[in-house]
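So you can see what is in the structure, the chains are spelled out below.
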Amino acid sequence: MKFPVLVSALLLAAMASASAHDYKVGPLAIDHPWSRATPKGASVAGGYMKITNTGSTPDRLIGGATEAARKFEIHEMKVDGGVMKMRELTNGLEIPPGGTIELKPGSLHVMMTGVTRPFVKGERVKASLTFEKAGKVDIEYQVAPIGGAPESHSGHGR
């Protein structure tokens, strides 16, 4: 009787890890990349995630790509003189050793411009991230509802 329970537990663990939405390249861990659904005709979409550097030296997110958009940029939003401003980080985004950087709405984020098709809730959008030292990693953005966050992120301050 113990054997079927063990097999069931192992199958559940395998299914959970197969559906996990985390990626790793070198000492960098990319946690749950996500985007929001876009209205028909939208030309931009944002990309969000957490990036943790478990290494002893800094690395830098310097770019990426997706077939779902013509351009892929790293952006920052911040209040300057009482006005929210957004700008591209042309030198990329540093991830310090032992540190975690969170890309989220209204803050640091990936900006995909020239979107070639709407992002639809529930789908995944294939992309890649490029890091200065760790190199390239293929990821998928989980698409959440317009104005929302993925269900797996409820309660995470989004």
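Residues numbered from 1 in each chain as written. Predicted model: local features only at pLDDT ≥ 70, side-chain atom pairs only at ≥ 80, totals over all residues. Heavy atoms only, no water.

Topic: the overall build of the chain
Check the secondary structure of the chain and you find 1 helix and 11 strands. For the chain, the succession of helices and strands along the chain, N to C, is α-β-β-β-β-β-β-β-β-β-β-β. For the chain, contacts bridging at least 24 residues in sequence account for 66% of all contacts bridging at least 6. With an accessible surface of roughly 8900 Å², the chain has 57% of that area assigned to carbon and sulfur atoms. (Helix = DSSP H or I, 4+ residues; strand = E, 2+ residues; numbered from the N terminus. Contact = heavy atoms within 4.5 Å. Areas by Shrake-Rupley, 256 points an atom, 1.4 Å probe, with all protein chains shown as cover.)

A look at the pairing of strand β8 (residues 100-103)
By the alternation rule, side chains of β8 split into I101 and L103, which are all buried, and T100 and E102, of which none is buried. Direction of pairing for strand β3 (residues 44-53) relative to β8: antiparallel, over a ladder of 4 bridges. Residue pairing for β8: K50 is matched across the bridge by E102. (Buried < 20%, exposed > 50% of the residue type's maximum accessible area, 1.4 Å probe, protein only. Pairing = 2+ DSSP bridges.)

Notes on the pattern of salt bridges
Scanning the model with the defined rule gives 5 salt bridges in all. Between R87 and E76 there is a salt bridge, and its shortest N-O distance comes to 2.9 Å. Here E76 lies in strand β5 (residues 69-80) and R87 lies in strand β6 (residues 83-88), a separation of 11 residues in the sequence. Taking relative accessible area as the criterion, R87 reaches 44% and is therefore assigned partly exposed. (Salt bridge = Lys/Arg side-chain N within 4 Å of Asp/Glu carboxyl O.)

Focus: the environment of E94
Examined against the element boundaries, E94 turns out to sit in strand β7 (residues 93-95). Residue E94 is classed as partly exposed on the basis of its relative accessible area of 39%. Taking the C-alpha atoms as reference points, E94 and L61, separated by 33 residues in sequence, lie 6.4 Å from one another. Other than its neighbours up to four places away in sequence, E94 contacts P58, D59, R60 and I101.

Side note on the pairing of strand β4 (residues 59-65)
Relative to β7, β4 runs antiparallel, the two sharing 3 bridges. The residue bridging R60 from the neighbouring strand is E94, located in β7. Relative to strand β10 (residues 124-131), β4 is paired through 4 bridges, and the arrangement is antiparallel. Counterpart to L61 in the pairing with β10 is F131.

Quick word on the environment of Y48
Within the element layout of this structure, Y48 appears in strand β3. Remark: the alpha-carbon pair of Y48 and Q142, spanning 94 residues in sequence, is separated by 9.7 Å. Non-local contacts of Y48, meaning those with residues more than four positions away in its chain, are made with H32, P33, W34, S35, L103, K104, P105, H109 and Y141.

Describing the side chain of T38
With respect to the helices and strands, T38 occurs in the loop between β2 (28-36) and β3. Within polar-contact distance, the side chain of T38 engages the backbone nitrogen of F119 at 2.8 Å. Not counting chain neighbours up to four residues away, the residues in contact with T38 comprise V44, A45, P118, F119 and I146. (Polar contact = N/O pair within 3.5 Å; in protein donor to acceptor, adjacent residues only side chain to side chain.)

Section: the packing of aromatic side chains
This structure, assessed with the given rule, holds 1 aromatic pair. Geometrically, the ring pair formed by W34 and Y48 is tilted, given 4.7 Å between the ring centres and 45° between the ring planes. With a gap of 14 residues between them, W34 in strand β2 and Y48 in strand β3 connect regions that are remote in the sequence. (Phe/Tyr/Trp six-rings, centres within 6.5 Å; stacked < 30°, edge-to-face > 60°.)

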